[in-house]
Amino acid sequence: MAQFELSGVSLDVPDRLLTPRIRDRLETGRYEANEARAAQLMIDYGDRVLELGAGVGYISTICAMLAGSQNVMSVEANPKLLNTARTNLDRNDCEEAVLLHGAIVGKPVRGDHVYLKGANAFWACSLGTAEDEGAISVPALVFGDLLEAHKPTVVIMDIEGAEADLFNIPWPDCVRVVTLELHPNRYRDTAIKHIFDNMSEAGFVYAPDLSRGALVGFCRQGQQLDASIAV
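Cut-offs and rules
- Residues numbered from 1 in each chain as written.
- Predicted model: local features only at pLDDT ≥ 70, side-chain atom pairs only at ≥ 80, totals over all residues.
- Heavy atoms only, no water.
- Core = buried A, V, L, I, M, F, W, Y, C linked by side-chain atoms within 4.5 Å.
- Buried < 20%, exposed > 50% of the residue type's maximum accessible area, 1.4 Å probe, protein only.
- Helix = DSSP H or I, 4+ residues; strand = E, 2+ residues; numbered from the N terminus.
- Pairing = 2+ DSSP bridges.
- Axes fitted to C-alpha atoms, helices over the stretch in contact; angles between N-to-C directions.
- Contact = heavy atoms within 4.5 Å.
- Disulfide = S-S within 2.5 Å.
- Phe/Tyr/Trp six-rings, centres within 6.5 Å; stacked < 30°, edge-to-face > 60°.

Moving on: the nonpolar core. Among the nonpolar cores identified, the biggest contains 37 residues, and Leu 26, Ile 43 and Tyr 58 are the most heavily contacted of them. Mapped by element, the contributors of at least two residues to this core are β1 (2-6), β2 (9-13), α1 (20-28), α2 (33-42), α3 (58-67), α4 (79-91), β10 (154-157) and β13 (215-220). At six residues, the largest contribution of residues to this core is made by α3. Membership of the second largest hydrophobic core comes to 29 residues, among which are Ile 159, Ile 195, Met 199 and Phe 204.

In structure tokens:
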């Protein structure tokens, strides 16, 4: 078990989850640095946060520290990460944060489950099929149902390409800011256009202060962030 300290968050990460690259990023503070920065910019205490893709619980914990752990719901598809994410939330006094197991889908699927491939590598797992070697069955959680149940003001997505299928439903008025990591190696550029078109039609505008590299942010029009607080 390796231990790390990033942005005031104490993390335990099993050695089996670490590659030299991931270990180096954790040791140097570069692990999910853009996501951590965006969270610090956009989350106020009392915000209701829905995070898709908890991973080892790093961004989940930052969100809980900022918003209040009782206001955070995080979702992780990979069952091999659940104990790690839960442990890291709890060790940072964020016990009230809700952690759900399941893969996010845009609409109900037959049998209420989908298949996950690459579960041994949390930085590379993604949705697959029953025919994929080593694929495992996980619960399917419909995105619209989570929005209705949690009523988030902030939505954060990092779900290894599955985000491309989530932009066909209206966004509820409660959501004021969204960040997501794009994965253009997993879908055509037309999917990226669809994401931006959907957000524009829903009344969101591109938020440059939240966006770095593949991480893009959107704010509800008229509720843009104050650029003077950028870090």
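Next, the rest of the story.
Here the focus is the sheet that holds strand β8 (residues 126-128). Taken in spatial order, the four strands make up an open sheet running β6-β9-β7-β8, and their pairing is mixed. The two strands at the open ends of the sheet, each matched to only one other strand, are β6 (103-105) and β8. The mean inter-strand angle of the sheet, taken between neighbouring strand axes irrespective of direction, is 55 degrees. Pairing analysis gives four bridges linking strand β7 (residues 113-117) to strand β9 (residues 136-142), with the strands arranged antiparallel. Note on β9: the bridge partner recorded for His 113 is Pro 139. The sheet strands contacting helix α5 (residues 143-150) are β6 and β9, and the helix crosses β9 at an angle near 55 degrees.

The next thing to look at is unusual backbone geometry. One non-glycine residue with positive phi stands out, namely Asp 112, at about 60 degrees. The backbone phi angle of Lys 151 is positive, close to 50 degrees, even though this residue is not glycine. Following the sequence through the fold, Lys 151 ends up in the loop between α5 and β10.

All right, on to the state of the cysteines then. Tallied over the full model, the rule gives zero disulfides. The thiol sulfur of Cys 219 is not disulfide-bonded, and the nearest other cysteine sulfur, from Cys 63, lies at 15 Å.

This part takes up the packing of aromatic side chains. The final tally for this structure, using the stated rule, is six aromatic pairs. Relative to Trp 171, the ring of Phe 143 has its centre 5.5 Å away and its plane inclined at 75 degrees; by these criteria the two rings are edge-to-face. Residue Phe 143 is located in helix α5, and its partner Trp 171 is located in the loop between β10 and β11 (177-181); the two are separated by 28 residues in the primary sequence. Neither residue differs from the other here; Phe 143 and Trp 171 are each classed as buried. Ring geometry for Trp 171 and Phe 204: centres 6.0 Å apart, planes at 65 degrees, overall edge-to-face. Of this pair, Trp 171 sits in the loop between β10 and β11 while Phe 204 sits in strand β12 (residues 204-206); the two residues are 33 residues apart in sequence, bridging distant segments of the chain. By the ring-pair criterion, three or more aromatic residues cluster together here, those being Phe 143, Phe 167, Trp 171 and Phe 204.

Our next topic: the pairing of β11. Of all five residues making up β11, four are buried, and the element is well covered by its neighbours. Relative to β11, β10 is paired through four bridges, and the arrangement is parallel. Counterpart to Val 155 in the pairing with β11 is Val 178. Relative to β13, β11 runs antiparallel, the two being bridged by five bridges. Its bridge partner lying in β13, Leu 180 is registered against Val 216.

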